[in-house]
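# Close look at the chain arrangement
One-letter residues, chain by chain:
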Amino acid sequence: MHGWLRQAAGGLPRQFWFLWTGTLINRLGSFVVLFLSIYLTGERGFSQSQAGLVLGLYGVGGAIGTMTGGVLADRWGRRPTMLTAQFGASALMLALGFAHSYPRILAAAFALGLFAEAVRPAFSAMMVDIVPEADRVRAFSLNYWAINLGFALAAVCAGLAAQADYLLLFVVDSATTLFTALISLIFLAETRPARVGPRTHAAAPSGGLGTVLRDRTFLIFVSLNFCVVLVMFQHQSTLPITMLADGLSAATYGLVVAVNGVLIVFGQLFVPRLIAGRDSARVLAVGTLVIGAGFGLVGLAGSAVAYALTVVVWTLGEMIQSPSNAATIAALSPAELRGRYQGLNSLSWQAGLALAPIAGGLTLQKAGGAALWGGCFALCALVAVGQWLAAPARARRAAWLRERRAAGVVNVS
């Protein structure tokens, strides 16, 4: 056991563990977005479409925030970008909790998305900066493990807290975000790469964000990922609505979704050994197909146990797919533009967060559950094929960047 733990977690930089700790604490209090659709429809009395619009505006704000955060992470620095976003998100979480009119809720959700998601590109870029390439799948697995350990505990506690007072969700979420910001303020140092020497300046890519938008290989990968995100975020929007329609409670939804976190907590640390040495394209394709199968099975579920089994299936796919997905993003990103590349990747998530509840809600309302959940499976199957076909171009791109870094194009300040 000691040897396995050392293999899974040993040798990583000290600053990585501060990032990891901040992730865990923040996720322990991440209640609000998970329960926002239930809060808006059950507690506030808004319609399903109104709830979907609030979640959609959060996603729109997040989309703007991730791109802005990515540019700032490269120009201003990882640390100041993270601090500004974290302190702002903590204050806006309380603003959303105390907002009562629908226009104020819409405005607060948009602003919260803007600040809460701006931290992600800087965080991811900092992690790539400090972790050597050979250790990144392991590091991303450990960080993903922390995310889901917090998620598992948060989902159960939030379900219970919601039965007492929904305002507690906003207060606790704000407090944990504030605590994470304090960790960043006290313990994290800047890691932004700096161009050094005339050769470096000449070889560095020009155009800033335009360089990212012209990177066809990266854009194809992000587009494929966006399709998976559309499916994955159904667990926050249409899944709770579907379960409530089957007569299940918000607390039951919390327990069912917590299965996702529990499985990852107990199994994610074994994933690096499982996928070590395997072709990344095959890993991504298989993981995506399993995710699609899990969500497709939701159309056949009707009880808490059946819903929990669907979570088991798509969680297994998520566990396989996520570390390889993050490592591929890192491998395709030039060091001096990591913030922008991570920002565009995060944009695919925020666009999915914005569109998933709208598209899912409309499909559920107009065509029914069978069309929604069957469509989730079909979309993931198409993405799996796309991952396989696009793999050679990604491999060539990653090899070229490794040669470029080995030649000393950038250095970490």
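Counting from 1, residues in each chain are numbered in the order their sequence is written. Only residues with pLDDT of 70 or above have their local features reported here, since the model is predicted, and side-chain atom pairs are shown and tallied only from 80 upward, although totals for entire chains, interfaces and linings are computed over all residues. As a convention, hydrogens and water are excluded, and side-chain values are obtained from all of the structure's heavy atoms.

Turning next to the overall build of the protein. Along the protein, the regular secondary structure elements total 18 helices and 2 strands. Sorting the 413 residues of the protein into buried and exposed places 57% on the buried side. Every residue pair with non-hydrogen atoms within 4.5 Å of one another is taken to be in contact. Put simply, of all contacts in the protein between residues at least 6 apart along the chain, 87% involve residues at least 24 apart. Residue-level accessible areas treat just the shown protein chains as cover; the underlying method is Shrake-Rupley with a 1.4 Å probe. Total accessible area computed for the protein in this model is approximately 16600 Å², and 68% of it derives from carbon and sulfur atoms. Only runs of H or I of at least four residues qualify as helices and only runs of E of at least two qualify as strands under DSSP, and these elements are numbered from the N terminus. Exposed residues in this analysis have more than 50% of their type's maximum accessible area, buried residues have under 20%, and partly exposed residues fall in between, with area computed by a 1.4 Å probe over protein chains only.

In what follows, salt bridge is the name for a side-chain nitrogen of Lys or Arg lying within 4 Å of a carboxyl oxygen of Asp or Glu. On inspection of all chains with the given rule, the structure shows 7 salt bridges. Between Arg78 and Asp74 there is a salt bridge whose closest N-O contact spans 2.9 Å. The burial state of Arg78 is the same as that of Asp74; both residues are buried. In this structure, Asp129 and Arg78 form a salt bridge, with 2.8 Å as the shortest nitrogen-oxygen distance. Here the residue Asp129 occupies a position in helix α6 (residues 102–130), and Arg78 occupies one in helix α5 (residues 78–98), the gap between them amounting to 51 residues. Since its relative accessible area comes to 0%, Arg78 is described here as buried.

With that settled, consider the state of the cysteines. Criterion for a disulfide: a pair of cysteine sulfur atoms at a distance within 2.5 Å. By the definition in use, this model includes 0 disulfides. Cys227 forms no disulfide, and the closest cysteine sulfur to it belongs to Cys380, at a distance of 8.7 Å. We note that Cys376 lacks a disulfide partner, and the nearest cysteine sulfur, in Cys380, lies 7.0 Å from it.

Inspection of the secondary structure puts Val257 in helix α13 (residues 250–267). Residues Val257 and Leu34, 223 residues apart in the sequence, show an inter-C-alpha distance of 9.6 Å. What Val257 contacts, discounting residues up to four positions off in sequence, is Leu34, Phe151 and His235.

What a helix is expected to span follows from its residue count: subtract one and scale by 1.5 Å. Helix length check: helix α3 (residues 32–43), at 12 residues, gives a terminal C-alpha distance of 13 Å against a target of 16 Å (1.5 Å per residue), a shortfall beyond 12%. Taking burial as the measure, the 12 residues of α3 include 9 buried ones, the bulk of the element. Residues of α3 that are buried include every one of Val32, Val33, Leu34, Phe35, Leu36, Ser37, Ile38, Tyr39 and Leu40, and no others. Within two residues after α3, Gly45 carries a phi angle of roughly 80°, on the positive side.

Below, the discussion takes up the packing of helix α4 (residues 48–75) against helix α17 (residues 338–366). All axes are obtained by fitting lines to C-alpha atoms, using only the stretch in contact for helices, and the reported angles, taken between N-to-C directions, cover 0 to 180 degrees. Closest axis-to-axis distance for the α4/α17 pair is 8 Å, and the angle between their directions is 180°. Put simply, α4 runs roughly antiparallel to α17. As a working rule, the residues Ala, Val, Leu, Ile, Met, Phe, Trp, Tyr, Cys and Pro are called nonpolar, Asp, Glu, Lys and Arg charged, and the rest polar, with Gly in that last group. Looking at the contact of α4 with α17 residue by residue, the class counts come to 13 nonpolar, 10 polar and 4 charged. Roughly parallel means an angle under 35 degrees; roughly antiparallel, over 145; roughly perpendicular, 65 to 115; everything else is oblique.

Each nonpolar core is a collection of buried residues, namely Ala, Val, Leu, Ile, Met, Phe, Trp, Tyr and Cys, held together in the definition by side-chain atoms within 4.5 Å. If you look at the biggest cluster of nonpolar residues, it comprises 58 residues, and the most contacted ones within it are Leu40, Val54, Leu112, Tyr253, Phe295 and Tyr307. Setting aside anything within four residues of it in sequence, one finds Leu40 in contact with Gly45, Phe46, Ala51, Val54 and Ile105. Core analysis: the second largest hydrophobic core is formed by 28 residues, Ala73, Ala85, Phe140 and Ala146 among them.

Attention now moves to the side chain of Thr191. Of note, Thr191 is situated in the loop between α8 (167–187) and β1 (193–194). When its relative accessible area of 4% is taken as the criterion, Thr191 is described as buried.

Moving on: the environment of Val311. Checked against the element boundaries, Val311 lands in helix α16 (residues 304–331). Distance from Val311 to Ala258, taken between C-alpha atoms, is 9.0 Å for residues 53 residues apart in sequence. If sequence neighbours within four positions are ignored, Val311 has contacts with Val256, Val259 and Asn260.

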